[in-house]
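For reference, the chains in residue letters:
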Amino acid sequence: MTSARGLLPLALVFAVAAPAGAHHRQTPPVLQFTTSGDTPLPRASAQGTKVFTLAVQSGTGKQVITISPFRDPDLQVPVGAPGNNVDPAISFNGKRVAFATNDDPLHLGMPGEQLVLGVSPTTLVPLTQDASGTSTNPVVDTAGLFIAFESAGDLAGTGHPGILQVYVRQPDGSVQQASTGLGTSRNAVLSPKKHRLAFESTSDPTTGADTGISQIWLGDLIDASAARLTAGLGQSRNPALSDDGVLAVESTANLADNGADTGVSQIFTYDPKSQTFAQITNDAGGCTLPGVSKVKRDWRITFVCSGLPYYYMLRADQRFQVQTGGGVTQRILGEMGIHFLILSTTGNLLGGGPTPGKQVYMVNLFKRPADPVPGLAHWFPTRGIPPL
(Lines give C-alpha, C1' and ligand atoms only; values in the text may rest on other atoms or scores of the structure.)
Protein backbone atom coordinates (compact mmCIF):
# COMPACT_ATOMS: atom_id res chain seq x y z
CA MET A 1 0.00 0.00 0.00
CA THR A 2 1.29 3.46 -0.84
CA SER A 3 0.52 6.88 0.55
CA ALA A 4 -2.84 8.12 -0.65
CA ARG A 5 -4.21 11.60 -1.12
CA GLY A 6 -7.79 12.51 -0.53
CA LEU A 7 -8.92 9.55 1.56
CA LEU A 8 -11.13 12.20 3.10
CA PRO A 9 -11.51 15.64 1.48
CA LEU A 10 -10.57 18.73 3.42
CA ALA A 11 -12.34 22.04 3.54
CA LEU A 12 -9.07 23.88 3.92
CA VAL A 13 -5.73 23.08 2.34
CA PHE A 14 -2.37 24.31 3.57
CA ALA A 15 -0.01 23.33 0.82
CA VAL A 16 3.19 25.21 1.61
CA ALA A 17 5.37 24.00 4.44
CA ALA A 18 5.85 26.63 7.10
CA PRO A 19 9.25 27.64 8.43
CA ALA A 20 10.20 25.92 11.66
CA GLY A 21 8.56 27.65 14.60
CA ALA A 22 6.19 29.71 12.44
CA HIS A 23 3.36 27.25 11.97
CA HIS A 24 0.93 29.35 13.98
CA ARG A 25 1.46 32.31 11.62
CA GLN A 26 1.11 30.27 8.43
CA THR A 27 -1.71 27.89 9.38
CA PRO A 28 -5.39 28.90 8.93
CA PRO A 29 -7.56 29.42 12.02
CA VAL A 30 -9.19 26.01 11.49
CA LEU A 31 -8.21 22.90 9.55
CA GLN A 32 -10.76 20.14 9.02
CA PHE A 33 -9.44 16.62 8.59
CA THR A 34 -12.61 14.52 8.25
CA THR A 35 -15.95 15.28 6.62
CA SER A 36 -17.98 12.09 6.98
CA GLY A 37 -18.50 9.19 9.34
CA ASP A 38 -17.80 9.45 13.04
CA THR A 39 -14.14 9.82 14.06
CA PRO A 40 -13.19 9.90 17.75
CA LEU A 41 -9.77 11.11 18.84
CA PRO A 42 -7.33 8.50 20.12
CA ARG A 43 -7.12 8.16 23.87
CA ALA A 44 -3.52 9.37 24.08
CA SER A 45 -2.42 12.59 22.41
CA ALA A 46 0.40 12.68 19.87
CA GLN A 47 3.73 13.30 21.60
CA GLY A 48 5.42 15.14 18.77
CA THR A 49 4.55 18.42 17.08
CA LYS A 50 4.53 17.30 13.44
CA VAL A 51 2.42 14.16 13.00
CA PHE A 52 -0.71 12.73 14.60
CA THR A 53 -2.80 9.61 14.00
CA LEU A 54 -6.48 8.72 13.62
CA ALA A 55 -8.60 5.68 12.85
CA VAL A 56 -11.03 6.92 10.20
CA GLN A 57 -14.04 5.26 8.61
CA SER A 58 -13.22 3.22 5.51
CA GLY A 59 -16.13 1.19 4.18
CA THR A 60 -17.38 -0.97 7.03
CA GLY A 61 -14.05 -0.80 8.85
CA LYS A 62 -11.45 1.66 10.08
CA GLN A 63 -8.25 2.80 8.38
CA VAL A 64 -5.39 3.92 10.61
CA ILE A 65 -3.76 7.00 9.11
CA THR A 66 -1.15 9.61 9.93
CA ILE A 67 -1.46 13.31 9.11
CA SER A 68 1.29 15.95 8.98
CA PRO A 69 -0.83 19.13 9.19
CA PHE A 70 2.01 21.58 8.58
CA ARG A 71 3.48 19.71 5.64
CA ASP A 72 0.28 18.82 3.79
CA PRO A 73 -3.00 18.39 5.70
CA ASP A 74 -4.60 16.93 2.59
CA LEU A 75 -2.25 13.95 2.67
CA GLN A 76 -3.52 11.09 4.82
CA VAL A 77 -0.97 8.30 4.92
CA PRO A 78 -2.52 4.87 5.54
CA VAL A 79 -0.86 2.48 7.98
CA GLY A 80 -1.71 -1.10 7.05
CA ALA A 81 -5.03 -2.00 5.46
CA PRO A 82 -8.55 -0.93 6.44
CA GLY A 83 -10.45 -3.31 8.70
CA ASN A 84 -11.24 -3.92 12.35
CA ASN A 85 -8.58 -1.51 13.61
CA VAL A 86 -8.83 0.61 16.78
CA ASP A 87 -6.83 2.61 19.32
CA PRO A 88 -3.89 3.98 17.30
CA ALA A 89 -0.97 5.55 19.19
CA ILE A 90 2.00 7.31 17.58
CA SER A 91 5.64 7.81 18.56
CA PHE A 92 7.22 11.24 18.90
CA ASN A 93 8.84 11.18 15.46
CA GLY A 94 5.64 9.93 13.84
CA LYS A 95 7.38 6.92 12.30
CA ARG A 96 5.83 4.23 14.48
CA VAL A 97 2.13 3.67 15.01
CA ALA A 98 0.79 0.94 17.30
CA PHE A 99 -2.83 -0.18 17.08
CA ALA A 100 -5.14 -3.06 17.89
CA THR A 101 -6.70 -5.24 15.19
CA ASN A 102 -8.60 -8.50 15.02
CA ASP A 103 -7.97 -9.01 11.29
CA ASP A 104 -4.72 -11.00 11.71
CA PRO A 105 -2.98 -8.87 9.04
CA LEU A 106 0.29 -10.77 9.45
CA HIS A 107 -1.39 -14.19 9.07
CA LEU A 108 -0.03 -15.52 12.35
CA GLY A 109 -3.15 -17.50 13.13
CA MET A 110 -3.68 -15.73 16.45
CA PRO A 111 -7.27 -15.28 17.68
CA GLY A 112 -9.18 -12.14 18.54
CA GLU A 113 -7.54 -8.78 19.06
CA GLN A 114 -3.75 -8.39 18.78
CA LEU A 115 -1.37 -5.43 18.70
CA VAL A 116 0.71 -4.52 15.67
CA LEU A 117 3.24 -1.78 15.02
CA GLY A 118 3.35 0.10 11.74
CA VAL A 119 6.98 0.96 10.98
CA SER A 120 6.11 2.21 7.46
CA PRO A 121 2.85 2.60 5.52
CA THR A 122 3.22 -0.93 4.16
CA THR A 123 5.11 -2.74 6.91
CA LEU A 124 3.54 -4.09 10.10
CA VAL A 125 5.34 -6.08 12.78
CA PRO A 126 3.62 -8.05 15.57
CA LEU A 127 3.67 -6.69 19.11
CA THR A 128 1.64 -9.46 20.74
CA GLN A 129 0.87 -13.10 20.12
CA ASP A 130 -1.80 -13.31 22.78
CA ALA A 131 -3.62 -16.66 22.88
CA SER A 132 -6.57 -14.98 24.63
CA GLY A 133 -7.01 -12.46 21.79
CA THR A 134 -7.61 -9.60 24.22
CA SER A 135 -4.59 -7.30 23.76
CA THR A 136 -5.72 -3.73 23.09
CA ASN A 137 -5.44 -0.03 23.97
CA PRO A 138 -1.70 0.56 23.34
CA VAL A 139 0.37 3.65 24.12
CA VAL A 140 3.96 4.18 23.02
CA ASP A 141 6.99 6.01 24.33
CA THR A 142 9.01 8.62 22.45
CA ALA A 143 10.76 6.18 20.12
CA GLY A 144 7.98 3.61 19.97
CA LEU A 145 10.12 1.07 21.86
CA PHE A 146 8.28 0.80 25.19
CA ILE A 147 4.60 -0.01 24.67
CA ALA A 148 2.01 -0.23 27.45
CA PHE A 149 -1.28 -2.00 26.80
CA GLU A 150 -3.97 -4.13 28.45
CA SER A 151 -4.90 -7.78 28.11
CA ALA A 152 -6.94 -10.42 29.93
CA GLY A 153 -4.55 -13.14 28.77
CA ASP A 154 -2.35 -13.61 31.87
CA LEU A 155 0.72 -12.79 29.78
CA ALA A 156 2.96 -12.80 32.87
CA GLY A 157 1.81 -16.26 34.06
CA THR A 158 0.30 -15.19 37.38
CA GLY A 159 -2.35 -17.93 37.26
CA HIS A 160 -5.27 -15.52 36.94
CA PRO A 161 -6.43 -15.53 33.31
CA GLY A 162 -9.50 -13.56 32.32
CA ILE A 163 -8.57 -10.48 34.40
CA LEU A 164 -7.72 -7.33 32.46
CA GLN A 165 -4.20 -6.25 33.43
CA VAL A 166 -1.75 -3.59 32.26
CA TYR A 167 1.48 -4.77 30.66
CA VAL A 168 4.62 -3.10 29.34
CA ARG A 169 6.37 -4.51 26.29
CA GLN A 170 10.08 -3.82 26.63
CA PRO A 171 12.38 -2.92 23.71
CA ASP A 172 13.72 -6.51 23.67
CA GLY A 173 10.18 -7.86 23.16
CA SER A 174 9.72 -9.18 26.69
CA VAL A 175 6.48 -8.34 28.52
CA GLN A 176 6.17 -7.28 32.16
CA GLN A 177 2.95 -6.92 34.13
CA ALA A 178 2.61 -3.48 35.70
CA SER A 179 -0.71 -3.94 37.48
CA THR A 180 -1.41 -6.32 40.34
CA GLY A 181 -4.33 -8.06 42.03
CA LEU A 182 -7.67 -9.39 40.84
CA GLY A 183 -9.26 -6.09 39.81
CA THR A 184 -9.64 -4.66 36.32
CA SER A 185 -6.68 -2.54 35.20
CA ARG A 186 -6.75 -0.48 32.03
CA ASN A 187 -6.13 2.83 30.21
CA ALA A 188 -2.35 3.06 30.61
CA VAL A 189 -0.58 6.30 29.65
CA LEU A 190 3.11 7.20 29.46
CA SER A 191 5.23 10.28 30.16
CA PRO A 192 8.07 10.19 27.61
CA LYS A 193 10.59 12.44 29.35
CA LYS A 194 10.13 11.15 32.89
CA HIS A 195 9.51 7.45 32.10
CA ARG A 196 6.33 7.55 34.15
CA LEU A 197 3.44 5.13 33.76
CA ALA A 198 -0.13 5.68 34.95
CA PHE A 199 -3.29 3.61 34.67
CA GLU A 200 -6.58 2.89 36.45
CA SER A 201 -7.25 -0.25 38.49
CA THR A 202 -9.91 -1.62 40.82
CA SER A 203 -7.37 -3.80 42.70
CA ASP A 204 -6.75 -3.26 46.40
CA PRO A 205 -3.02 -2.52 46.78
CA THR A 206 -2.74 -4.61 49.98
CA THR A 207 -5.02 -7.61 49.49
CA GLY A 208 -5.25 -7.62 45.70
CA ALA A 209 -9.03 -7.99 45.93
CA ASP A 210 -11.29 -6.40 43.34
CA THR A 211 -12.83 -3.35 45.02
CA GLY A 212 -15.07 -2.48 42.08
CA ILE A 213 -13.88 1.15 42.34
CA SER A 214 -11.19 2.26 39.94
CA GLN A 215 -8.26 4.25 41.32
CA ILE A 216 -5.28 5.87 39.62
CA TRP A 217 -1.92 4.14 39.90
CA LEU A 218 1.35 5.92 39.12
CA GLY A 219 4.75 4.35 38.65
CA ASP A 220 7.81 3.69 36.55
CA LEU A 221 7.81 2.65 32.90
CA ILE A 222 11.25 1.04 32.86
CA ASP A 223 10.66 -1.53 35.61
CA ALA A 224 6.86 -1.64 35.07
CA SER A 225 6.03 -0.92 38.72
CA ALA A 226 3.28 1.28 40.13
CA ALA A 227 1.59 2.30 43.38
CA ARG A 228 -1.93 3.51 44.04
CA LEU A 229 -2.27 7.30 44.04
CA THR A 230 -5.99 7.94 44.70
CA ALA A 231 -8.15 6.24 47.32
CA GLY A 232 -11.59 7.84 47.08
CA LEU A 233 -14.98 6.17 47.30
CA GLY A 234 -15.85 7.19 43.73
CA GLN A 235 -14.34 6.12 40.43
CA SER A 236 -11.05 7.76 39.38
CA ARG A 237 -10.19 7.03 35.77
CA ASN A 238 -8.95 8.16 32.34
CA PRO A 239 -5.46 9.34 33.36
CA ALA A 240 -3.40 11.56 31.07
CA LEU A 241 0.28 12.49 31.42
CA SER A 242 2.23 15.42 30.03
CA ASP A 243 5.63 14.69 28.54
CA ASP A 244 7.25 15.92 31.77
CA GLY A 245 5.01 13.93 34.11
CA VAL A 246 2.12 16.15 35.26
CA LEU A 247 -0.97 13.94 35.63
CA ALA A 248 -4.62 14.74 34.88
CA VAL A 249 -7.54 12.47 35.79
CA GLU A 250 -11.29 12.49 36.11
CA SER A 251 -12.94 11.36 39.34
CA THR A 252 -16.35 11.25 40.98
CA ALA A 253 -14.61 11.15 44.37
CA ASN A 254 -14.24 14.30 46.45
CA LEU A 255 -10.47 13.96 46.45
CA ALA A 256 -10.01 17.39 48.04
CA ASP A 257 -11.94 16.44 51.18
CA ASN A 258 -13.24 13.11 52.49
CA GLY A 259 -13.12 11.08 49.28
CA ALA A 260 -16.91 10.65 49.18
CA ASP A 261 -18.50 9.62 45.91
CA THR A 262 -20.23 12.70 44.48
CA GLY A 263 -21.63 10.81 41.50
CA VAL A 264 -20.35 13.57 39.18
CA SER A 265 -16.97 13.44 37.42
CA GLN A 266 -14.62 16.39 37.83
CA ILE A 267 -11.10 17.01 36.52
CA PHE A 268 -8.07 16.89 38.81
CA THR A 269 -4.34 17.26 38.30
CA TYR A 270 -1.43 15.85 40.28
CA ASP A 271 2.11 17.23 40.34
CA PRO A 272 4.56 14.42 41.24
CA LYS A 273 7.32 16.87 42.12
CA SER A 274 5.38 18.64 44.89
CA GLN A 275 2.99 15.70 45.48
CA THR A 276 0.00 18.04 45.40
CA PHE A 277 -3.37 17.95 43.67
CA ALA A 278 -5.57 20.60 42.08
CA GLN A 279 -9.29 20.31 41.38
CA ILE A 280 -9.72 21.98 38.00
CA THR A 281 -13.50 21.83 37.60
CA ASN A 282 -16.58 21.96 39.80
CA ASP A 283 -19.29 21.74 37.14
CA ALA A 284 -22.78 20.56 38.07
CA GLY A 285 -23.01 18.49 34.88
CA GLY A 286 -19.56 16.98 35.33
CA CYS A 287 -16.44 16.95 33.16
CA THR A 288 -14.59 14.08 31.50
CA LEU A 289 -11.69 12.89 29.32
CA PRO A 290 -8.80 15.07 30.46
CA GLY A 291 -5.62 15.72 28.52
CA VAL A 292 -2.49 17.58 29.61
CA SER A 293 0.33 19.19 27.64
CA LYS A 294 3.26 21.47 28.48
CA VAL A 295 2.97 25.04 27.17
CA LYS A 296 6.26 26.85 27.81
CA ARG A 297 6.32 27.32 31.62
CA ASP A 298 2.68 26.30 32.04
CA TRP A 299 0.44 23.29 31.46
CA ARG A 300 -2.75 23.16 29.42
CA ILE A 301 -5.41 20.83 30.86
CA THR A 302 -8.06 19.94 28.26
CA PHE A 303 -11.46 18.41 29.06
CA VAL A 304 -15.10 18.21 28.01
CA CYS A 305 -18.02 19.42 30.17
CA SER A 306 -21.61 18.77 29.08
CA GLY A 307 -20.41 18.16 25.53
CA LEU A 308 -18.43 21.43 25.30
CA PRO A 309 -14.62 21.69 24.95
CA TYR A 310 -12.55 23.59 27.52
CA TYR A 311 -9.01 23.97 28.71
CA TYR A 312 -7.41 25.36 31.86
CA MET A 313 -3.98 26.98 32.12
CA LEU A 314 -2.62 25.58 35.35
CA ARG A 315 -0.16 28.31 36.33
CA ALA A 316 -2.00 31.20 34.69
CA ASP A 317 -5.17 30.26 36.63
CA GLN A 318 -7.47 30.80 33.65
CA ARG A 319 -10.18 28.63 32.10
CA PHE A 320 -11.13 28.89 28.43
CA GLN A 321 -13.93 27.58 26.22
CA VAL A 322 -13.24 26.64 22.61
CA GLN A 323 -16.15 27.76 20.44
CA THR A 324 -17.51 25.04 18.17
CA GLY A 325 -20.77 26.55 16.97
CA GLY A 326 -22.84 24.07 18.93
CA GLY A 327 -22.89 20.30 18.67
CA VAL A 328 -21.33 17.73 21.00
CA THR A 329 -17.58 17.38 21.46
CA GLN A 330 -16.15 13.91 22.09
CA ARG A 331 -12.64 14.93 23.10
CA ILE A 332 -10.18 17.82 22.89
CA LEU A 333 -6.39 17.48 23.13
CA GLY A 334 -3.42 19.82 23.06
CA GLU A 335 -1.45 18.53 20.08
CA MET A 336 0.92 19.77 17.35
CA GLY A 337 2.57 22.43 19.52
CA ILE A 338 1.61 25.12 21.98
CA HIS A 339 -0.66 27.08 19.63
CA PHE A 340 -2.90 24.22 18.53
CA LEU A 341 -5.74 22.04 19.72
CA ILE A 342 -7.29 19.03 18.01
CA LEU A 343 -10.88 18.08 18.74
CA SER A 344 -13.60 15.69 17.57
CA THR A 345 -17.05 17.27 17.53
CA THR A 346 -20.40 17.49 15.79
CA GLY A 347 -20.05 21.25 16.00
CA ASN A 348 -19.19 22.77 12.63
CA LEU A 349 -16.14 24.96 13.19
CA LEU A 350 -16.32 26.22 9.61
CA GLY A 351 -19.87 27.50 9.95
CA GLY A 352 -23.32 26.04 9.43
CA GLY A 353 -25.24 23.62 11.60
CA PRO A 354 -23.93 20.59 13.48
CA THR A 355 -22.68 17.63 11.48
CA PRO A 356 -24.29 14.15 11.65
CA GLY A 357 -21.10 12.54 12.95
CA LYS A 358 -18.13 13.80 14.92
CA GLN A 359 -15.48 15.34 12.68
CA VAL A 360 -11.87 16.16 13.52
CA TYR A 361 -10.53 19.73 13.41
CA MET A 362 -7.37 21.55 14.41
CA VAL A 363 -7.76 24.99 15.96
CA ASN A 364 -4.99 27.58 15.73
CA LEU A 365 -5.30 29.55 18.96
CA PHE A 366 -3.01 32.27 17.58
CA LYS A 367 -5.64 33.15 14.97
CA ARG A 368 -8.78 31.83 16.68
CA PRO A 369 -8.38 32.43 20.41
CA ALA A 370 -10.57 30.61 22.90
CA ASP A 371 -12.92 32.56 25.16
CA PRO A 372 -12.00 33.12 28.82
CA VAL A 373 -14.71 31.79 31.15
CA PRO A 374 -15.08 31.66 34.94
CA GLY A 375 -13.39 28.87 36.85
CA LEU A 376 -10.50 28.67 39.32
CA ALA A 377 -8.60 25.56 40.40
CA HIS A 378 -8.49 24.52 44.04
CA TRP A 379 -5.12 23.14 45.19
CA PHE A 380 -4.71 20.68 48.06
CA PRO A 381 -3.17 20.19 50.53
CA THR A 382 -1.24 23.28 49.35
CA ARG A 383 -0.49 24.87 46.02
CA GLY A 384 2.25 22.77 44.48
CA ILE A 385 2.95 24.71 41.26
CA PRO A 386 3.35 28.48 41.76
CA PRO A 387 1.36 30.90 39.58
CA LEU A 388 3.02 32.77 36.74
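Attention in this report is confined to the structure presented alongside it.

Rules used throughout
- Residues numbered from 1 in each chain as written.
- Predicted model: local features only at pLDDT ≥ 70, side-chain atom pairs only at ≥ 80, totals over all residues.
- Heavy atoms only, no water.
- Helix = DSSP H or I, 4+ residues; strand = E, 2+ residues; numbered from the N terminus.
- Rg over C-alpha atoms; globule rule 2.2 N^0.38 Å.
- Contact = heavy atoms within 4.5 Å.
- Areas by Shrake-Rupley, 256 points an atom, 1.4 Å probe, with all protein chains shown as cover.
- Lys, Arg positive; Asp, Glu negative; His and termini not counted.
- Charge placed at Lys NZ, Arg CZ, Asp CG, Glu CD.
- Pairing = 2+ DSSP bridges.
- Axes fitted to C-alpha atoms, helices over the stretch in contact; angles between N-to-C directions.
- Buried < 20%, exposed > 50% of the residue type's maximum accessible area, 1.4 Å probe, protein only.
- 1 Å grid on protein atoms, 1.4 Å probe; cavity = no way out; pocket = protein on both sides within 12 Å on 5 of 7 lines; lining within 4 Å.
- Points joined across faces, edges and corners; volume = space filled by probe spheres on them.
- Nonpolar A, V, L, I, M, F, W, Y, C, P; charged D, E, K, R; others polar.

1. Description of the overall build of the protein
Regarding its fold elements, the protein presents one helix and 30 strands. Relative to the compact-globule value of 21 Å for 388 residues, the protein shows a C-alpha radius of gyration of 20 Å, a close match. Counting only C-alpha atoms and orienting by the principal axes, one finds that the protein spans roughly 55 × 55 × 35 Å. Taking contacts inside the protein between residues at least 6 apart in sequence as the whole, the part at least 24 apart equals 44%. With an accessible surface of roughly 15,300 Å², the protein has 53% of that area assigned to carbon and sulfur atoms. Side-chain charges in the protein split into 27 positive and 28 negative, and the spacing between the mean points of these groups amounts to 11 Å.

2. Some points on the sheet that holds strand β12 (residues 165-169)
Spatially, the four strands line up as an open sheet ordered β10-β11-β12-β13, and their pairing is antiparallel. The sheet terminates laterally at β10 (136-140) and β13 (175-177), the two strands that pair on one side only. Here the average twist between neighbouring strands, direction ignored, is 25 degrees. Pairing of β10 with strand β11 (residues 147-151) involves three bridges; the strand directions are antiparallel. Counterpart to valine 139 in the pairing with β11 is alanine 148.

3. Comments concerning unusual backbone geometry
A cis amide bond links phenylalanine 380 to the next residue, proline 381, at an omega of -5 degrees. The topology assignment puts proline 381 in the segment after β30 (378-380). In this model, aspartate 87 sits at a positive phi of 55 degrees, which is unusual for a non-glycine residue. You can see aspartate 87 is positioned in strand β6 (residues 85-90). What makes aspartate 87 partly exposed here is its relative accessible area of 29%.

4. Details of the layout of surface pockets
Looking at the largest pocket, its volume works out to about 910 Å³. What lines the largest pocket is a set of 48 residues, among which Ala46, Gln47, Asp243, Ser293 and Gly334 lie closest to the centre. At the level of secondary structure, the elements contributing two or more residues to the lining of the largest pocket comprise α1 (23-26), β6, β10, β14 (185-191), β18 (236-241), β22 (287-295) and β26 (329-333). No other element matches β22, which puts seven residues into the lining of the largest pocket. Each residue belonging to the lining of the largest pocket can be placed in one class, and the counts come to 22 nonpolar, 16 polar and ten charged.

5. Some words on the environment of alanine 240
Positionally, alanine 240 belongs in strand β18. With 49 residues separating them along the chain, alanine 240 and leucine 289 place their C-alpha atoms 8.6 Å apart.

Honestly, that's just the spatial picture; any functional story needs more than this.
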